[in-house]
Every structure is written in C-alpha cells, then in structure tokens.
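These are the residues of each chain, in order.
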Amino acid sequence: MTWTPSNNTEAKQDIDQVASQELVTQSSQALKMLCQNLRGDKTYAVLDLGPAVKENVDFYSRFARKIWIEDLYGSLNSPDPSALEEGGDEVNKSFEHMLPYTKDTRFDIIFVWDLFNYLPRDQLQKLVSHLSKFCNHRAMLFSLITNGQYVPEHPINFRILDQENLSYLTATGAERVNTRYKEPNLAKFMPGFKIYKTFLLRNGMQEYLFTLSED
Amino acid sequence: MWKKEDTNSDRSSDSNTQAYTVPEATTRSERGACIGATISIKGDLSGGEDLIIEGRIEGKVDLKQHKITVGKKGVVRAEMRARVISIEGDVQGTLYGEEQIVLGKSSSVRGDIIAPRVTLEDGSKFKGSIDMEPKGTEKMQAHNPMAADIKAVTVGGDSVKSAFDQLQKGEQGAKANPRMG
C-alpha cells in the first residue's frame, strides 16, 4: 500500500473540520407546539424538504401514516436536466418536476427547516404556491429563518431529539449572504399561508409555524 | 406477412423480459441465493429463499416470504417485494416490505417505500416517500413507547379536541385554545 502525503493531509483537514464543528442543542417551541396539537388517534401526512435524517424519520413515524423526504436543496443544486429542457418558466417547471405529487396527495405537516434562507423571493413564492396545492386545509408548515446578515453556505441538517429539542452541527467555513426574510413580509411571499406562531431564538434564528389559510 | 427476422426479434425480446425463477436446487445456501457483481438481469425474478444482490437488476423482484439484501455493489432498478429488504447499494423503485425495510449507511435509495417498519441508518441517502400503512402504524405505535408520550401530551394536555384537529376541520382553533396564541 502506498502512502501519499497529500491524501493524508486532505484526510487530516477533513478530520479537523469535523472536529471543529460543535454539536448544538436548541429548544424548539414551534416543534413543541406542533406536537401538542397532534392527536394520538390520528395519523398524518408529513413532508420533509430536508435530507433524510434517521432521527427525524423515526420521530415522524410515531404519528405519520406517510412521510415524504425530498432533500430539495440538494435537488435544486443538481437538478435533473430533463426538467429544464422545455424552457419557459424554468423554476416552476423544476418544482413540478422535483416535487411531482399525485393529485390526491395531501400534506398535513411540512418541515421546511432553514431552506427559505437559501431561496430568493420568486423561488420561495413558487415553491409555496406549488406545495399549497397538495396541502390539507390548515396544514402546518415549520420553518426556521435566520435574522443575521450571513448564513452557512448550505442549509443545516437539523435532527429532532424529542418533542421540543433539536440538534445540529455548527457550520464551519464559507458563508453566504442571507435572504433575511422579515416577519411582516414573509407571509406575503407565501401565497395561501399565514403566520400562525413565531418564536425568536437566542441564536438569531426565528421559528415559524405557518398554516394554510382559508382565504 | 410472416418474416423470419420478426420472429427472431420477438424471441430475442422475450428472452430479455421472461420471468426468472431462482431454481432452489442449484442456488440454495445458508445465506440464500446470490447474484454476483458481474451479473445483470432484466426481467422478473421470483423465488422461495433469501436473495443477495451484488449485481444489477432491472424489472421486478418478488420474494414475498423471504429477505432481499442489496449489497454495496448492487444496483437495482426494480419493484421489490419481500418480508425484509435490506439495502446497502443503489436502488430506484417501489419497495414493499412485509415486515421491515432497512436502508444501510452506504445505501442510496430513490422511490417509494411501503412497510410497517422502516429503518434509516446514519449516512443513508433517501429520497421519496415512506408509507407506513394503517395496519403497520398501529402495530408500530403499540411497540413504541414514545407514541404513547405524544398521545399523552395531546390528550393529557387538553380535555377538548386539540387545536390542530380543530384547524383541520376549519374551526377557529387558535381562539379556542389559549396556547395557540
């Protein structure tokens, strides 16, 4: 076996990067509220726009009859070329292509996590407009918006520890400018949804529970 | 009009899509049958014993009462039915697990999963839906003490219907429940 110093250095950098990340646990009042409103005798349809996370799927499986896992950020950054071939409204086409649900699909709960921080306004509107077609009346949408000027280069992988606690690894390295959606305007960018409850966290994140309104 | 070429091409396509049944006598072992890394199969596969897939399969795999294991090198583009399905390789398709489906740490799965118990190991990549089925959900909740916790929070916290349920029915849940602000 040949030892190559460069590979070793890269491996060490990877280890250092992982080692420099810190596991953060944060209390989530929005998750707690969402759980408080689940009925034990009902099962729910859950959509998670984040990547597949073992703990989260385990958590959903306690009350969900069906779970969709989409990793939408990953799909947006490596879209299927066939989705964009036809031209026209590319963003909209790609949402319809990336999230192709049957007409009878109806979500009760949507976990967006911090994805909105990474979507420009028109993309956010089109995503929410697309999803609202597949939501039950008064479906709930859970989102984390960062108020700071910068956000990590990629969305955070949140893990649900229990009904009121989340954990994640702090991001290291590159950051990007935050879209900085503010509370009064945010609901305007989300056709069909209104803010149901919001909680400002110490770390500058703001938790939102949206609900699909009748209007 | 009858043409020799047509007949040949029909036979050729038949041979690509015919159903393969794993012959017990030639493949039985303690671990079950194995499709090696260099084997590629297009068509339907059924059998009466466990199956390990290290090669490539396109079509359908039906081993209802047995276990399918897709190894790290396995590539499957197929609908699979089995008692237990365990995946470490690359799978696209609809998976039906009578008891359980396990997505191992090196697995990459895209498609729909229908099983009463689904386990995702850390590192597994999955995109698609997981359908627990009504029967499976009941079974799982009965064995899952945390399901009772959620029920306790919901029912124990409020003697009235939960606000979420009221919201679902279009009632004014937020007003009815002071916790909802």
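Residues numbered from 1 in each chain as written. Chains lettered and ligands numbered in written order. Predicted model: local features only at pLDDT ≥ 70, side-chain atom pairs only at ≥ 80, totals over all residues.

## Some thoughts on the environment of Lys197(A)
Residue and element names in this part refer to chain A.
In step 1: Within the secondary structure, lysine 197 is located in strand β10 (residues 193-200).
In step 2: On the basis of neighbour count, lysine 197 is assigned to the partly exposed category, with 18 C-beta atoms found within 10 Å.
In step 3: For the pair formed by lysine 197 and aspartate 41, sequence separation is 156 residues and the distance between their alpha carbons is 24 Å. (Helix = DSSP H or I, 4+ residues; strand = E, 2+ residues; numbered from the N terminus. Buried ≥ 20, exposed ≤ 12 C-beta atoms within 10 Å, placed from the backbone.)

## Observations regarding unusual backbone geometry
In step 1: If you check the backbone angles, Arg138(A) has positive phi at about 65° while not being a glycine.
In step 2: For Arg138(A), the position within the fold is in strand β5 (residues 135-146).

## What to know about the sheet that holds strand β1 (residues 23-27) of chain A
Residue and element names in this part refer to chain A.
In step 1: Across the sheet, which stays open at both edges, the three strands sit in the order β1-β8-β7 with antiparallel pairing between neighbours. A single partner strand is all that each edge strand has here, and the edge strands are β1 and β7 (159-162). This sheet shows a mean twist of 30° between the axes of neighbouring strands, independent of strand direction.
In step 2: The sheet contact formed by β1 and strand β8 (residues 165-169) spans five bridges and is antiparallel. From the neighbouring strand, glutamine 26 faces β8, where its bridge partner is leucine 166. (Pairing = 2+ DSSP bridges. Axes fitted to C-alpha atoms, helices over the stretch in contact; angles between N-to-C directions.)

## Let's talk about the nonpolar core
Residue and element names in this part refer to chain A.
In step 1: Of all hydrophobic cores here, the largest spans 86 residues; its most connected members are Ile110 and Phe142.
In step 2: The biggest single contributor to this core is β5, with seven residues.
In step 3: In this structure phenylalanine 142 touches Ala30, Leu31, Leu34, Ile110, Phe111, Val112 and Leu209, once residues within four positions along its chain are discounted. (Core = buried A, V, L, I, M, F, W, Y, C linked by C-beta atoms within 7 Å. Contact = placed C-beta atoms within 7 Å.)

## A short note on the pairing of strand β11 (residues 125-131) of chain B
In step 1: Two elements, strand β3 (residues 64-69) of chain A and β11(B), share four bridges in a ladder whose sense is antiparallel. Across the sheet, the residue bridging to Ile69(A) is Gly128(B), located in β11(B).
In step 2: Note: strand β9 (residues 108-114) of chain B against β11(B), seven bridges, orientation parallel. Bridge assignment links Arg110(B) to a residue of β11(B), and that residue is Lys127(B).

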